[in-house]
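Notes for the structure review
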Amino acid sequence: MATTQTARCVLPNLVGILNVSPEFSEVDERMKDPMDPVAIATKQHEHWIDTQTTYSPKEQKMLKMARVSLAASKMYPFANAYQLEVIIHFLTTTFVIDAVLDREPNDINERLGKVWQILLECGGNLESLTDEDKMLPHVNSMAVLAQSTLPHLGPLFCNLYVHGLIDYINSRIHAARVRRELEGKQSTFDGAQPALSFFDPRVPAMSTEAYIHNRRETVGTRTAVNIVRWANGIILTDEELSDPRFEKMVTCTGEIASMANDLYSLKKEFLGNPFHPLDNLVYVAVHDPSTGLRKSTTFNEELQTGVDYLAQTFAESYKVYQEQIDSLIADPPACAANHPEFKDMVKRYGQAVIEVAAASCTWSMHGSLLRYNVFTTEENRRNSILEFSLPHAVPA
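Residues numbered from 1 in each chain as written. Predicted model: local features only at pLDDT ≥ 70, side-chain atom pairs only at ≥ 80, totals over all residues. Heavy atoms only, no water.

Glancing now at the overall build of the protein. Scanning the protein from N- to C-terminus turns up 19 helices and 2 strands. The burial tally for the protein puts 53% of its 396 residues in the buried class. Contacts spanning at least 24 positions in sequence make up 76% of the contacts within the protein whose residues lie at least 6 apart. Accessible surface, the protein as shown: approximately 18000 Å² in total, 54% of it carbon and sulfur. (Helix = DSSP H or I, 4+ residues; strand = E, 2+ residues; numbered from the N terminus. Buried < 20%, exposed > 50% of the residue type's maximum accessible area, 1.4 Å probe, protein only. Contact = heavy atoms within 4.5 Å. Areas by Shrake-Rupley, 256 points an atom, 1.4 Å probe, with all protein chains shown as cover.)

What follows is the structure, given as structure tokens:
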């Protein structure tokens, strides 16, 4: 006899840790006013999706239900309709990159990475590609997205955007390849069913530190922080940005974003992997002996332990992030001596980045209808309870 096991844990309040509380209700109200920038940008985005013949009806529906315009309007609350349109195209670009690279085989991903790089470097000009390259998945839509974004950023931010997005694409290709290698190892496990415990002794131990280091580069942070500066009019020189505290700030942002992504995608990854979601900090931390987390005996106890560890690590990364901002304001680099607005720019920059991170968390939990579907009931939503049935039957 077999029964279905239910996974259940209480999610931490990551937005509360960041000391901001973005709400989406007022955005929905703004969308009722046809002259509001949010309503204008949303209508333009949906029209753009409808006109893209490279998207199937299913993909068009998925992009609309992702509610990217909702995310953009909360991440950049002071952006006008023009800026929101550019930001929406940026978010759509990352959305398409993730969706395509997650499903295509490694050899296609490698080719796509090279083709997308060419497109970005030439402003989305399809004539720079061979006829064979033009036949690859979503090449036309990526060209249109580049054409819809790059000309509006100006020379400085356009160059930063292109290089950041190329790094993001390469990191996503690498992450997809590593994940498939791990899945290949899983397929050699004896027996058709996964282990009953959250901890699986067949899974080789992974370094949590190494995982965090690699994972933080796979969430597009370097491009996102440049968009933050562009949208908020934050001007800092290359010499000022070369201060290592700014680099530490960016890496902490990557850690914050990647840990939030791991938390809210946990259910999706469990349901999508018949064994275990190896590419997730919650799971990696429990399997890493150096964390000392494997002290519980049941699946849900180990799941909660991993979730609590993620929350603690998230808070530590945010603390280090805030320390960099405070340090830059208290002790600016010597090269900023003739920049009277430097401290104000740093303060605005630091706050804007965290507001983007918090809005992204809220969007992942509540705003996107299809991305993660975190909560199955309204009661679970109110109580921050993640609950789902495991995709395999276990002995009663």
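We now examine the pattern of salt bridges. According to the stated counting rule, one finds 16 salt bridges in the structure shown. Between Glu 110 and Arg 177 there is a salt bridge, with the nearest N and O atoms lying 2.5 Å from each other. Of this pair, Glu 110 sits in helix α7 (residues 106–121) while Arg 177 sits in helix α10 (residues 154–186); the two residues are 67 residues apart in sequence, bridging distant segments of the chain. By relative accessible area, Glu 110 is classed as partly exposed at 34%. For Arg 177, a relative accessible area of 28% corresponds to the partly exposed category. One salt bridge connects Arg 245 with Asp 243, and the closest N-O pair in it is separated by 2.9 Å. Linked through salt bridges whose partners overlap, the residues forming this network are Arg 111, Glu 132 and Asp 133. (Salt bridge = Lys/Arg side-chain N within 4 Å of Asp/Glu carboxyl O.)

Between helix α14 (residues 244–264) and helix α17 (residues 299–330), the least distance of the axes is 9 Å, while the angle of their chain directions is 155°. Taken together, the axes of α14 and α17 lie roughly antiparallel to each other. As for how α14 packs across α17, the hand of that crossing is left-handed. When α14 is examined against α17, the residues Arg 245, Phe 246, Lys 248, Met 249, Cys 252, Thr 253, Glu 255, Ile 256, Met 259, Ala 260, Asp 262 and Leu 263 are found in contact with a partner set consisting of Val 307, Leu 310, Thr 313, Phe 314, Ser 317, Tyr 318, Val 320, Tyr 321, Gln 324, Ile 325, Ser 327 and Leu 328. The class makeup of the residues in the contact of α14 with α17 is 15 nonpolar, 5 polar and 4 charged. (Axes fitted to C-alpha atoms, helices over the stretch in contact; angles between N-to-C directions. Parallel < 35°, antiparallel > 145°, perpendicular 65-115°, else oblique. Left-handed = near helix turned anticlockwise from the far one by under 90°. Nonpolar A, V, L, I, M, F, W, Y, C, P; charged D, E, K, R; others polar.)

Let us now look at the packing of aromatic side chains. Counted according to the given criterion, the structure contains 4 aromatic pairs. Their ring planes at 70° and their centres at 5.9 Å tell us that Phe 90 and Tyr 161 sit as a pair that is edge-to-face. Taken together, the residues span a long stretch of sequence, with Phe 90 in helix α6 (residues 81–103) and Tyr 161 in helix α10 at a distance of 71 residues. Accessibility assignment for this pair places Phe 90 and Tyr 161 in one class, buried. Aromatic ring contacts, followed pair by pair, group Phe 246, Phe 342 and Tyr 349 into a single cluster. (Phe/Tyr/Trp six-rings, centres within 6.5 Å; stacked < 30°, edge-to-face > 60°.)

It is worth spelling out the side chain of Thr 93 at this point. Tracing the sequence through the fold places Thr 93 in helix α6. Of the residues examined, Thr 93 reaches a relative accessible area of 2% and is grouped as buried. Those residues within four positions of Thr 93 in sequence are excluded, and the remaining contacts are Met 142, Leu 145, Tyr 161 and Leu 165.

This part is about unusual backbone geometry. At His 138, a residue that is not glycine, the phi angle is positive and equals roughly 60°. The residue His 138 is located in the loop between α8 (131–134) and α9 (139–149) in this model. For His 138, a relative accessible area of 9% gives the class buried.

Averaged over all residues, the pLDDT of the protein is 84; the fraction at 70 or higher stands at 85%. Counting contacts from residues 190–196, a segment whose pLDDT is below 50, to residues more than four positions away or on other chains yields 16 contacts. (pLDDT = per-residue confidence, 0-100.)

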